[in-house]
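# Observations on chain architecture
Each chain, written out:
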Amino acid sequence: MLRIACPYCGERDYIEFLYAGDAAREMPALSDTDIDRWTDFVFFRDDPKGEHAEYWQHQHGCRQWLKVIRDTVTHRVISVTPAIEAGLQADEDKVEVA
Amino acid sequence: MTHYSAFSLFKQALGGNKGWSRAWRDATPKPSYDVIIIGGGGHGLATAYYLAKNHGITNVAVIEKGYIGGGNTGRNTTIVRSNYMIDGNTNFYEHSLKLWEGMSRDLNFNVMYSPRGQINLAHSPAQMDAAARRGNIMRMNGIDAELLSREDLKKRIPILDYSDTARFPIMGGLWQSRAGTARHDAVAWGYARGASDRGVDIIQGCEVTGYLWDRGRIVGVETTRGEIKAKKVGMAVAGHTSHMARKAGLTLPIETHILQAFVTEAIKPVIDCVVSFGAVHFYISQSDKGGLVMGGDLDGHNSYGQRGDLPIVEEGMAAAKALVPLVSRLQLVRHWAGVMDMSMDGSPIMCKSPVEGLYINGGWCYGGFKATPASGWCYAHTIANDAPHKLNEKFTLDRFRRGYQLDEKGMGPTPWAH
Ligand SMILES: Cc1cc2nc3c(=O)[nH]c(=O)nc-3n(C[C@H](O)[C@H](O)[C@H](O)COP(=O)(O)OP(=O)(O)OC[C@H]3O[C@@H](n4cnc5c(N)ncnc54)[C@H](O)[C@@H]3O)c2cc1C
Ligand SMILES: [Zn+2]
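The structure contained in this document is the topic of the report that follows. For every chain, the first residue of its written sequence is number 1, and the numbers climb from 1 along that sequence. Each chain is given a letter, starting from A, and each ligand a number, starting from 1, according to the order in which they appear as written. For a predicted model such as this one, the threshold for reporting local features is a pLDDT of at least 70, and the threshold for listing and counting side-chain atom pairs is 80 or more; totals across whole chains, interfaces and linings nevertheless cover every residue. In computing side-chain properties, one takes all heavy atoms of the structure into account and sets aside hydrogens as well as water.

### Observations regarding the packing of helix H3 (residues 90–107) of chain B against helix H9 (residues 372–385) of chain B
Residue and element names in this part refer to chain B. The axes are straight lines fitted to the C-alpha atoms, using for helices just the contacting stretch, and the angles between their N-to-C directions are given from 0 to 180°. Secondary structure elements follow DSSP: runs of H or I of four or more residues count as helices, runs of E of two or more count as strands, with numbering from the N terminus. Between H3 and H9, whose axes approach to 7 Å, the crossing angle comes to 110°. One element, H3, and the other, H9, form an angle in the roughly perpendicular class. In contact with Phe92, His95, Ser96, Leu99, Trp100 and Met103 of H3, H9 contributes Thr372, Pro373, Ala374, Ser375, Trp377 and Cys378. Residues are grouped as follows: nonpolar covers Ala, Val, Leu, Ile, Met, Phe, Trp, Tyr, Cys and Pro; charged covers Asp, Glu, Lys and Arg; every other residue, Gly included, is treated as polar. Its residues placed into classes, the contact of H3 with H9 shows 8 nonpolar, 4 polar and no charged. Working rule for angles: under 35 degrees goes down as roughly parallel, over 145 as roughly antiparallel, 65 to 115 as roughly perpendicular, anything else as oblique. Throughout, a residue-residue contact means that at least one pair of heavy atoms, one from each residue, lies within 4.5 Å.

Written out as structure tokens, the structure is:
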């Protein structure tokens, strides 16, 4: 069983968590109108065979968002950091006020 | 190569079955080819076969890192159908089903295509409406589809749970009678035999580790058995599409995930068609040996590990029990996993890549077995003509940028939830 060590709750089975995918992508600013940057962000993934940065939410625990580094071949979890510390920003931070 | 027939079977039996020749040549790599196909799964082998048969291109090698058919070809649950709804998918999958219908004869190899029928169950009035709409679209495209009622189904598939306590009451469903199953290994072997007979080299135990470049163009591959030159290189590596694209400097709208399948102990015949649950992602059929073959959701997180975790076993079996109560008495004897190239809209990508000399065929998600013949047919056309066949012209890479995704389920770019 894949186990994730939540920094708040301790190590738990992965079924307590909601998977939210690739955490290496950077969202363009909401004011950005460049179609290629948005296409990249929305649809394209590095999808590495090896270390992968990904978001998980401890949905059935503390409900915190976590950034996990995990090996996609061995499934070994390499690190777990609260997403806030890892630099996940709320969308409104990125809106440029005209 | 021996032509298989009732007569050859009889003749060989009299000779103690000692006179059979190899079905295909286990080739060693030549220094160069016109076309190299990376990946000896069904898609790669079918592509080589149709390159030779339809386009007269026979100086071709299929390069497989393991043994042919050892990837998803040999791991899938073998469901073949063409009940697609979106323009671009509909006719492609119907062409594929037509090729399935003639495949054993064409290949002179029994692929055990069994049009036993497939039902997509509906459990609510809204699902019945959606089934009717899908059926109408299929019929307008000349594809067989029939809307069945709960009463029809009770007669046709009696072992489903029609009781008052059923967790998801069955209201009816959409039936495709030409859908069914085929023998997965036989498909790989049949195409390999046909391709090899036409001069294609099938090279096993040879991993492609990189590409040969000349002024920004791909001109061959680096392998664990040395460099091999080629005018054109086509990938057909299924769960390694992202990985092999990255080696060419490309990022794709694909994520790699694991999908599991399950088989119970063999029992007497109880299900003579393929049943897809409409409430949760789950489907079931019975193999000729008698085992119930089942599958459902992805494990749900990016993975290249060809093995599954236990929660999906529990989820799958809960679904099985809810739909077919008698499975609670059976033992599960095997479960395994394959690595899926999940595209961002659930539809495949088959086109020239942005790198000259390289062609992409991937993003088949968990539905690529049924696509095997049409994929080979259209990919061969794309490689031979440097332009797509009419049937795969919508499977482009730039559809994502242009806003023309082929999202059959309307799920959006969350491939682990498809
Ligand atoms: C559990 C499960 C159930 C499924 N059920 C169904 C179903 O019921 N119906 C359906 O239509 N589809 C189903 N699918 C999907 C289907 O199996 C795949 O979409 C399809 O088989 C993929 O194409 P392929 O056959 O060419 O792939 P594969 O057989 O995986 O072929 C790819 C080959 O490429 C080789 N390769 C990879 N990298 C390299 C390299 N660097 N060098 C050389 N060779 C390489 C691999 O070893 C592999 O043999 C299922 C899949 C799974 C895992
Ligand atoms: Zn927690």
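### Thoughts on the coordination of the zinc ion (ligand 2)
Residues and elements named next belong to chain A. Within the protein, the atoms that donate to the zinc ion (ligand 2) are Cys6 (SG), Cys9 (SG), His58 (ND1) and Cys62 (SG), at distances of 2.0 to 2.3 Å. Each of the 4 donor atoms around the zinc ion (ligand 2) contributes to a set of angles spanning 104 to 121°, which defines the coordination as tetrahedral. Written as a sequence motif, the donor arrangement for the zinc ion (ligand 2) is C-x2-C-x48-H-x3-C. Of this pair, cysteine 6 sits in strand S1 (residues 3–6) while cysteine 62 is found in the loop between strand S4 (51–57) and strand S5 (65–71), placing the two residues 56 residues apart along the sequence. A relative accessible area of 25% places cysteine 62 in the partly exposed class. Counted as donors are the N, O and S atoms within 2.8 Å of the metal, or 3.2 Å for Na, K and Ca, while water is not among the atoms, so some sites may look incomplete. Tetrahedral means four donors with every angle between 85 and 135 degrees, whereas square planar (four donors) and octahedral (six donors) require angles over 155 degrees between opposite donors and between 65 and 115 for all others; sites fitting neither are termed irregular. Exposure classes here rest on a 1.4 Å probe applied to the protein chains alone. A residue is buried below 20% of its type maximum, exposed above 50%, and partly exposed in between.

### A closer look at the site of ligand 1
Residues and elements named next belong to chain B. Here a residue is near a molecule or strand as soon as one of its heavy atoms is found within 4 Å of it. Taken together, 37 residues sit near ligand 1, with Glu64, Asn72, Thr73, Thr77 and Lys370 positioned nearest. Throughout this description, a polar contact denotes any pair of N or O atoms lying within 3.5 Å of each other; where both atoms belong to protein, one of them has to be capable of donating a hydrogen while the other can accept it, and for residues adjacent in sequence the pair is counted only when both atoms sit in side chains. Interatomic distance of 3.5 Å between a backbone N/O atom of threonine 78 and an oxygen atom of ligand 1. Only the protein chains shown count as cover for residues, and all accessible areas are computed by the Shrake-Rupley method using a 1.4 Å probe. In isolation ligand 1 exposes 1,000 Å². Once the protein is present, 96% of that is buried. At the level of secondary structure, the elements contributing two or more residues to the shell around ligand 1 comprise helix H2 (42–55), strand S12 (254–266) and strand S16 (332–343).

### Quick look at the interface of chain B and chain A
Contacts between the two partners involve 30 residues from chain B, matched on the other side by 25 residues from chain A. In short, buried area is how much 1.4 Å probe accessible area vanishes from two parts on joining, totalled over both. Across the interface of chain B and chain A, roughly 2,400 Å² is buried in total on both sides, 55% from carbon and sulfur atoms. A carboxyl oxygen of Asp or Glu within 4 Å of a side-chain nitrogen of Lys or Arg is what we treat as a salt bridge. Along the contact surface separating chain B from chain A lie 2 salt bridges. Residues aspartate 36 of chain A and arginine 401 of chain B are paired through a salt bridge, measuring 3.5 Å at the closest nitrogen-oxygen approach. Taken together, the connections running from chain B to chain A amount to 19 residue pairs in polar contact (both at pLDDT 80 or more).

### Quick look at the sheet that holds S5 of chain A
Sheet strands line up and pair through hydrogen bonds in the backbone, either parallel or antiparallel. All names here are of chain A. Each pair of strands is called paired provided DSSP finds at least two bridges between the two strands. Across the sheet, 4 strands lie side by side as S3-S4-S5-S6; this open sheet has antiparallel pairing. Each edge of the sheet is formed by a strand with only one pairing partner; in this case those strands are strand S3 (18–22) and strand S6 (77–82). Averaged over all adjacent pairs, the angle separating strand axes in this sheet is 25°, with direction ignored. In this structure, S3 lies alongside S4, joined through 3 bridges in antiparallel fashion. Among the inter-strand pairings, aspartate 22 is bridged to a residue of S4, identified as glutamate 54.

### What to know about a positive patch on the surface
Where like charges cluster on the molecular surface, the positive patch consists of Lys49 of chain A together with Lys65, Arg246 and Lys247 of chain B. By the secondary structure assignment, lysine 65 of chain B is in the loop between strand S2 (60–63) and strand S3 (79–80). Here lysine 65 of chain B falls in the partly exposed class, since its relative accessible area comes to 43%. Patch members must show over 30% relative accessible area and no salt bridge, and they are joined within 9 Å when carrying like charges or within 5 Å when they are nonpolar side chains of Val, Leu, Ile, Met, Phe, Trp or Tyr. Residues scored as positive are Lys and Arg, those scored as negative are Asp and Glu, and His as well as the terminal groups of each chain are ignored. Working definition for charges: the position is that of NZ of Lys, CZ of Arg, CG of Asp or CD of Glu.

### Details of the sheet that holds strand S6 (residues 172–176) of chain B
All names here are of chain B. Read from one edge of the open sheet, 8 strands run S5-S6-S4-S13-S14-S15-S12-S16, paired in mixed fashion. The open sheet has two edge strands, strand S5 (146–149) and S16, and neither has a second partner. Mean inter-strand twist for the sheet, computed between neighbouring axes without regard to direction, equals 25°. Pairing of S5 with S6, which is carried by 4 bridges, proceeds in the antiparallel orientation. By the bridge assignment, leucine 147 is partnered in S6 with leucine 174.

### Section: the packing of H2 of chain B against H9 of chain B
Residues and elements named next belong to chain B. Between H2 and H9, the shortest axis-to-axis distance is 7 Å and the interhelical angle comes to 55°. Taken together, H2 and H9 sit at an angle that is classed as oblique. The two elements H2 and H9 cross, and the hand of that crossing is right-handed. In this structure, H2 contributes Gly42, His43, Ala46, Thr47, Tyr50, Leu51, Asn54 and His55 to the contact, and H9 contributes Thr372, Pro373, Ser375, Gly376, Trp377, Tyr379, Ala380, His381, Ile383, Ala384 and Asn385. Counted by class, the contact of H2 with H9 contains 9 nonpolar, 10 polar and no charged residues. Crossing handedness follows the turn of the near helix against the far one: under a right angle anticlockwise gives a left-handed crossing, and clockwise gives a right-handed one.

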